[in-house]
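# Observations on chain architecture
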Amino acid sequence: MQVLIAFAEIIRRTAHALLKTSGERIMSISTIVMFPGQGGYSPQHWNTIRRKAELEPVLQEMNEVTLVEAGIDLINMPEEDRDAQELSRTDPTRLQILIHASNVLTGSWLKVNRHANGDVAAGHSFGEIAALWFAGVLSAADSMRVVCARNAAMARHQPNGGRMVAVGLPEERAHALLTLLGCGDALAVAGRNAQDRSVLSGSPDVVEQAQALLKSMGVAALPVPSPWAFHHPSLQAAANDFRDSMAKITWGDLHIPVYSPVLGRYYRDGEDFGLALAQHLTEPFVFDKAVAQLTATGQGRVFDAGAGGVITALCTRLVDGTGWTVSGVDLTAQSNSSPNGTPFLLDSDQEWLVRVLSGDFSVEKVAAQPLHALSEYWSREADGVFSALAKNMRAVFDATDDNSVSDIVDDAAEQPGFASSVGGAGLSEDEVVQRLAVLYAEALEYPVEVFTEDLGVQLEADLGVDSVKQTDLLARVAEEFGMPVPGEGFSVAGYPTFGSVVALVRETTSASGAVPSAPLTHASSVGGAGLSEGEVVQRLAVLYAEALEYPVEVFTEDLGVQLEADLGVDSVKQTDLLARVAEEFGMPVPGEGFSVAGYPTFGSVVALVRETTSASQGTDTQLASKVVSA
C-alpha cells in the first residue's frame, strides 16, 4: 500500500511540474476551489466563521496585520450587521478587508473540515489574492498586507470612489452602449461573467446614466457592491502604486495551480505576482472562459470558498449539463443533532438527497439541511422518489428535534397523490415563478427577466435587497398567494434567493391547501369596477397631470416614472394625490400601516387601484381622510 501511495504522489508531482513548465497544458481536474471578489461578503457568514475555534490561528495572523495597517480588530470587533452595499458606501476599506478575511477563513474551513485542498484554485478578480494564499504563495498575514496595500492605493488615486454594475448584455453590446453614451473613458467594460452578462465600471454619475438607459431598454442592470471602479484603464497610476507597495511581500511557490480569469492563464512559479495582481486594477476579466477552461476535462466539483453565494450562482449556470456540481459553504445550516455542530456544504444539485436515498450519507448531516433546500429539490424531483423518500428519510427526520417536521412527513406519506400534487392549488412552478417575478419586479423596479432568467439570483448580494425589504416582500407574497402567517422563529435569512422564495410558496400552499388569489397582472380586467387597465391608466393620468401640471403623456407613455425621483413629487403631495384617487375610484379604507412609500411610481398607483377595486365592491370614500392621516 505504501508503495502505491508513493507512486501516486510521484505521478501527481510530475503532472504539476509539467503544468508549471507550460502553464497551459491540459490536466485532469476534479476539484476546483474558487474565491469570490466584490459581493462575496455576508455579515451572517462573517459573524459565524470568525468564531470557529479551529480557525483562530489564521484569524489571529490576519488580525495582527489589520490592527497595524487599518486599525481594525477582526477578533474583538462587534457583531457586524451592515451588508456589502452599505459598507461599500460607508466604509470601503473595512469591506475589502472583511471580504478577504472571510475568503481565507472559509478556505481554511474547507481544508480543516472537508480536506478540500483542491486540484486547482481560482479567484474572481479580488478573490485571486485569496486563491494565491490557498495555493501557498502567500501566508495569511502577507495576503492581508497585499489587501491593505491595495486599499491604500485605491484611496489615494480614486478618493471619491467609483461604481460597478452587472448588466444583461453580451460584451460586444456592452461596448456599443459605451459608444451610445458618448462618455469617453469615464466608463469601461470591466469584464464578462457569461456570454450574455457583462460588468461596467466607472465614475458614479456615468454609471447611473448607464443604469437609467438600460432600465429604459428593459435590460437588467444590477449594482455590484464595490466601493471603487476596478478593472478600469484610468487606474494605471493606482496599479503602479499598488505594485510598488508590495515590494516587501514574501512570495512562495505554488503548491497547487492557480488560474487567473484576468490573465487568462495559470500563474507560473517565479513570476512577478505583484505585477499580476496590480493588473487587476486596469485589465478586464473573462470569468466564463476561465470556468470553461477549468472544467473542460472530466467532471468534478467547484467549491465556492466565500460568502454571499456569488460563485455558486455564476458557476451553477456555467457548468449546467457538464457533469460538474457547485458546492457552497452554508455556516448557518446547523442542527442540534449534528455530532459536532460542524457546518457542511450545500450542493447545487442537492446531491445530498440522492445520497440519503441510497443510504450513502450521514443522516445527521442531512438533518442539518435547511428546509428550503429540501423544498427546492422536492419541487423538481417529487415524482418517482416519494415512496423512497418516505421510507429512507424517516431516519433523517428522527435525527432532528423538530417533531413538526416528522409529522409532515407522516401525513404526506398517507396521501397517495402527494407527489403529483406539489404546487398546492394546482399551480405549476412556472406559474408561481411568473407571478412572483411580476410582484418582485414591480416592488424593486427591476425587469421581470432578472427573476425569471435566473432563479438563483441573490436578493441581497446581487440586488441589494436588505432584510427589512425582504420581510416586506414576503408579507406581500403571503397576501398574494393566500399563505398562512409563518410561525415564530421564521427568518428571511433562510430564503436568500428568488428561487428559495418560489420553493417556499409551492411548499406552503401545498401543505396548507391555500387557494392563491387571482394574480395581479396588467392584462386582466379590473373585477368590481369593470375597468380595463387602459381605462384606469387614462383616468389616473388625467388626474395626476392636472394636479401636477404635467402633460398627460408623461404618465401614459411610461408607467414606471418615479413620482419623487423623476417628477419631484414629495410624500405630502403623494398622500394628497392618493386621497383624490380614493375619491375618484370609490376605493375602500386601507388597513393599518398603509404608506405612500409603497407606491413610488405611477404604475404602482395603477396597480393599487386595480387591485383594490377588484377586491372590493364597495364605494367607501373615507379612504381620503384615512390616507391623509397615514
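We now turn to the structure provided with this report. (Residues numbered from 1 in each chain as written. Predicted model: local features only at pLDDT ≥ 70, side-chain atom pairs only at ≥ 80, totals over all residues. Heavy atoms only, no water.)

### Some remarks on the overall build of the chain
- A count of helices and strands for the chain gives 27 helices and 12 strands.
- Looking at the chain residue by residue over its 630 residues, the buried ones come to 51%.
- Carbon and sulfur atoms make up 51% of the accessible area of the chain, which totals about 27,600 Å². (Helix = DSSP H or I, 4+ residues; strand = E, 2+ residues; numbered from the N terminus. Buried < 20%, exposed > 50% of the residue type's maximum accessible area, 1.4 Å probe, protein only. Areas by Shrake-Rupley, 256 points an atom, 1.4 Å probe, with all protein chains shown as cover.)

### Details of the pairing of strand β10 (residues 301-304)
- Burial along β10 is two-sided: Arg301 and Phe303 and Val302 and Asp304, pointing in opposite directions, are all buried.
- Taken together, the 4 bridges between strand β1 (residues 31-35) and β10 define a ladder with parallel strand orientation. Within the sheet, the bridge partner assigned to Ile32 lies in β10 and is Val302. (Pairing = 2+ DSSP bridges.)

### Structural notes on the sheet that holds strand β9 (residues 285-286)
- An order of β6-β3-β5-β4-β9 is seen for the 5 strands of this open sheet, with the pairing classed as mixed. Taken across any chain shown, the strands that pair with only one partner, and hence form the sheet edges, are β6 (221-224) and β9.
- Along the sheet face, helix α9 (residues 204-217) touches β3 (163-167), β4 (187-194), β5 (197-202) and β6 and points at about 20° away from the line of β3. (Contact = heavy atoms within 4.5 Å. Axes fitted to C-alpha atoms, helices over the stretch in contact; angles between N-to-C directions.)

### Focus on α9
- Taking 1.5 Å of rise per residue, the 14 residues of α9 would be expected to cover 20 Å, and the 20 Å separating its terminal C-alpha atoms lies within 8% of that figure.
- Within the sequence span of α9, burial applies to Val206, Val207, Ala210 and Leu214. Projected onto a plane normal to the axis of α9, the buried residues spread over an arc of 100° and lie on a single side.
- Tucked into the core, α9 has its buried residues touching β3, α8 (171-181), β4, β5 and β6.
- Trailing α9 by a residue or two, Gly218 shows a phi angle of about 75°, which is positive. (Expected span 1.5 Å × (residues − 1). Arc of directions from axis to C-beta.)

### Quick word on the nonpolar core
- Residues Met34, Trp46 and Leu74 are the most contacted members of the largest nonpolar core, which totals 89 residues.
- Membership of the second largest hydrophobic core comes to 31 residues, among which are Leu444, Phe481, Val501 and Leu504. (Core = buried A, V, L, I, M, F, W, Y, C linked by side-chain atoms within 4.5 Å.)

### With respect to the packing of helix α7 (residues 140-157) against helix α10 (residues 236-245)
- With their axes 9 Å apart at the nearest point, α7 and α10 run at an angle of 145° to one another. Of the two elements, α7 crosses α10, and the hand of that crossing is right-handed. The residues of α10 that touch α7, namely those facing Val146, Ala149, Arg150, Ala153, Met154, Arg156 and His157, are Ala237, Ala238, Asp241, Phe242 and Ser245.
- When grouped by side-chain class, the residues that make up the contact of α7 with α10 number 7 nonpolar, 2 polar and 3 charged. (Left-handed = near helix turned anticlockwise from the far one by under 90°. Nonpolar A, V, L, I, M, F, W, Y, C, P; charged D, E, K, R; others polar.)

### Some details on the packing of aromatic side chains
- On inspection of all chains with the given rule, the structure shows 13 aromatic pairs.
- Relative to Phe230, the ring of Trp228 has its centre 6.1 Å away and its plane inclined at 80°; by these criteria the two rings are edge-to-face. The burial state of Trp228 is the same as that of Phe230; both residues are buried.
- Consider the rings of Phe555 and Phe602, whose centres lie 5.1 Å apart with planes at 50°: the pair is tilted. Of this pair, Phe555 sits in helix α24 (residues 553-556) while Phe602 sits in helix α26 (residues 602-615), and the two are 47 residues apart along the sequence. Phe602 shares its class with Phe555; the two are buried.
- These aromatic residues form a ring-pair network of at least three members: Phe35, Trp133 and Phe134.
- The ring of Trp133 has Lys111 lying over it, and the distance from NZ or CZ to the ring centre is 5.1 Å. (Phe/Tyr/Trp six-rings, centres within 6.5 Å; stacked < 30°, edge-to-face > 60°. Lys NZ or Arg CZ within 6 Å of the ring centre and 35° of its normal.)

### Concerning the pattern of salt bridges
- Scanning all chains against the criterion turns up 19 salt bridges.
- In this structure, the salt-bridge partner of Arg265 is Glu271, at a minimum N-O distance of 3.0 Å. Across the pair, Glu271 and Arg265 agree in class, each one buried.
- Among the charged side chains, a salt-bridge network with shared partners connects Arg50, Arg51 and Glu79. (Salt bridge = Lys/Arg side-chain N within 4 Å of Asp/Glu carboxyl O.)

So yeah, pure geometry; function would need other evidence.
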